[in-house]
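Examining the three-dimensional arrangement
Single-letter residue listing:
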Amino acid sequence: MLEEGTYFMKGNHVIAEAAIIAGCRFFGAYPITPASPIAERMSYRLFEEGGEFIQMEDEIASMAAIIGASCAGAKSMTATSGPGVSLMLENIGLAYMMEAPVVIVDVMRGGPSTGMPTLTSQGDINQVRWGSHGDYDVIAYCPSTVQECFDLTIKAFNAAEKYRVPVFIMADQILGLMTSNVKVPRLRDIKIVDRETPMDGDDTYQPYDSSTLVPPMAIAGHGHHVLMTGLTHDERGYPATNPEGQEKLMSRLKRKIYENIDDIVELEEFMLEDAELAIVAYGSEARSVREAIKQAREKGLKVGMLRFKTIWPFPERQVNELSRRVKKIMVAEVNLGQLVHPVREYAVCEVVALTHSGGALHPPAEVLRRIEEEMK
Amino acid sequence: MVSTKELVNIELEVKAIEKGNLACPGCQLNLSFKHALSALKGDAIVVVPACCTSVIQGAGQGYGMHVPIFNTAFASAPPVASGIARKLKRDGKKTTVVVWAGDGGTADIGFGSMSGAAERDENILYVMYDNQGYQNTGNQKSGATPRGAKTSTTPHGKKSRRKDIARMMMAQEVSYVATANASYPQDLFAKIERAATEFAGHFRFIQIYSPCPPGWNIDTKDSVLVGELANNTGYWPLYEAVNGKLEFSRPSRRFNDPAKRKPLADYLKIQGRFRNIDPEIVKQMEEDIEHEWSILRKFM
């Protein structure tokens, strides 16, 4: 494992190393630009750390394999890009329903379809949240720097283990392939969360015990009654495919995220104290926005940024509060308008979008021009 | 079989590929494509899943291939081609529908959809150009990567045998299955021509051995030589199987006798992907060769 120190590393490699520190010991993936360096690093690093690496035959298999490994007790991860997430979606729903803790890295690239494999985008924001059928929730972290690739990967594993949900790390091509300094703290200072497991010999154990929001998870093959399923089920894991069973299960699954939303959501406020215009940004794009805000401040424009370090669950309360403090919110993203929609839903002020078709970030000058235009 | 001169003339006339595409120097897939499309006289619709072929077209100097091309998602080429083939049938057209796919798109992610098209006996000529890895995305291993090869996801060399797709297609009773080698263009030309004419109306499968200089870490000038050695060491037997009845093709025929084969070391030593290979693995690879031939002989 990486020891304490400062390293000069690629974002993708940092995600791989952080995953190992977080306890990841199973990785299954399929080659895809620009996420392949994660798999390439894992192919020998997990071997050294006593874990398992499998290159799967496609993304459907990759996602299914990490569910299997997770159910057998391993902290598991896969890494892909937009087209791969599209193929994983059915199994993402399965992981949600089975409550299998898994981490999915999505190094976003230009879409739709094959799009621009070697260029950046933030086009998967809606896909990960809404792509699988039925109602479900995920947790999605969105690093903006290589350092955050480290910090948020640790948090992603912790959140997956704590809440037993699929957790995404939404990096993008620029961040994944960017080499930068990253500080690794002393290992004992890194908080690692492991899933709660039932007591040995607990005969009353039920895999989907509804007396708690997040039931302890028995490891397959270690005793206990293990019955995990994608069907609507009761506390024992037996099918309960009726409106009452569905209501009981779905409400617990929803509550486990929304009753913990303040624990999950992470936001950064930048120069927002006196801002009249707030820019909502995330990921690589936030770097450009930050620079533009500094330049705007020099011109005396009262502008700030609310940066989402978690995209999902959506920070409904915080966006609503922000919208009461500022005159206008601008959502800057590298897509044709995705996160702007929930922002509009929860904001009470005017919300405008700064969009980009993908392939590059907005240069700071362009963001600044738009700031000036909006603040006229 | 066409003579070299005839082949050159046909290729000059058909001009399957124009100058200025993005293929790497020494790329054998590009040559294979030229030979194959010449054999079809340019009368083809080509469906390409994500693979090297989908990224080398056109770049720089404009449109580089004189046939309709559909670049599809990874696991989608055989079904897209099925749709095209069915419509052509309704329209009474004889144009050959070709799936031109790499080994990753065939052996891994696209295997289910290809097997489905074979089972339905769709009127498709499926060509798998086999550069033995995901070369377009940086040489990750595929199901077709051979034992011993180092790739970016098997940095210590792959431990298991390659998936033999041609034999799997024979097991599915595909009416025409053949292997080809980019270093033997006349043989390749003849097989494409035969598949397109004699077996038109059926699912046909041809697997082309296609050396990749950057992925295999070979000198660009050696990519034809590597293909020749693959043949002369018995590593890549060339054959045609018609309704399950197999016949070795002329370049490979005499290597049915193990004594006539060149030592495998000759083949391995000019490829960086086999550098510092474990002697135990080399032994297994040698056994793999005879294993392959012994199975093929059973279908003669």
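Provided above is the structure to which this section pertains.
Below, the structure is looked at part by part. Keep in mind that what you see is a predicted model, and the values were worked out from it rather than measured. (Residues numbered from 1 in each chain as written. Chains lettered and ligands numbered in written order. Predicted model: local features only at pLDDT ≥ 70, side-chain atom pairs only at ≥ 80, totals over all residues. Heavy atoms only, no water.)

**Looking at the interface of chain B and chain A**
Contacts between the two partners involve 15 residues from chain B, matched on the other side by 15 residues from chain A. Inspection of the chain B/chain A interface yields zero salt bridges. Split into classes, the residues belonging to the side of chain B that touches chain A amount to four nonpolar, nine polar and two charged. (Contact = heavy atoms within 4.5 Å. Salt bridge = Lys/Arg side-chain N within 4 Å of Asp/Glu carboxyl O. Nonpolar A, V, L, I, M, F, W, Y, C, P; charged D, E, K, R; others polar.)

**Observations regarding the environment of Asp 234 of chain A**
Residues and elements named next belong to chain A. Inspection of the secondary structure puts Asp 234 in the loop between β8 (179–184) and α8 (243–258). Relative accessible area serves as the criterion here: at 17%, Asp 234 is assigned to the buried category. Between the alpha carbons of Asp 234 and Gly 358 there is a distance of 44 Å; along the sequence they are 124 residues apart. Within polar-contact distance, the side chain of Asp 234 engages the side chain of Arg 236 at 2.7 Å. (Helix = DSSP H or I, 4+ residues; strand = E, 2+ residues; numbered from the N terminus. Buried < 20%, exposed > 50% of the residue type's maximum accessible area, 1.4 Å probe, protein only. Polar contact = N/O pair within 3.5 Å; in protein donor to acceptor, adjacent residues only side chain to side chain.)

**A closer look at unusual backbone geometry**
Geometrically, the link from Thr 33 of chain A to Pro 34 of chain A is a cis peptide bond, its omega value of 0° lying close to zero. Residue Pro 112 of chain A is bonded to the preceding Gly 111 of chain A through a cis peptide linkage, with omega at 0°. Along the chain, Pro 112 of chain A turns up in the loop between β5 (102–108) and α5 (125–130). Of note in the backbone geometry, Glu 99 of chain A takes a positive phi value of approximately 60° without being a glycine. The phi dihedral of Glu 173 of chain B falls on the positive side, at around 60°, and the residue is not glycine. On the secondary structure map, Glu 173 of chain B appears in the loop between α7 (165–171) and β5 (176–181).

**Details of the packing of aromatic side chains**
All names here are of chain A. Within this structure, the stated rule accounts for 19 aromatic pairs over all chains. Here the aromatic cluster, defined as three or more aromatic residues joined through ring pairs, consists of Trp 130, Phe 308, Trp 312, Phe 314 and Tyr 346. In this structure, Arg 129 packs its charged tip against the face of Trp 130, placed 4.1 Å from the ring centre. Arg 290 extends its terminal NZ or CZ atom over the ring of Phe 270, reaching a point 4.9 Å from the ring centre. (Phe/Tyr/Trp six-rings, centres within 6.5 Å; stacked < 30°, edge-to-face > 60°. Lys NZ or Arg CZ within 6 Å of the ring centre and 35° of its normal.)

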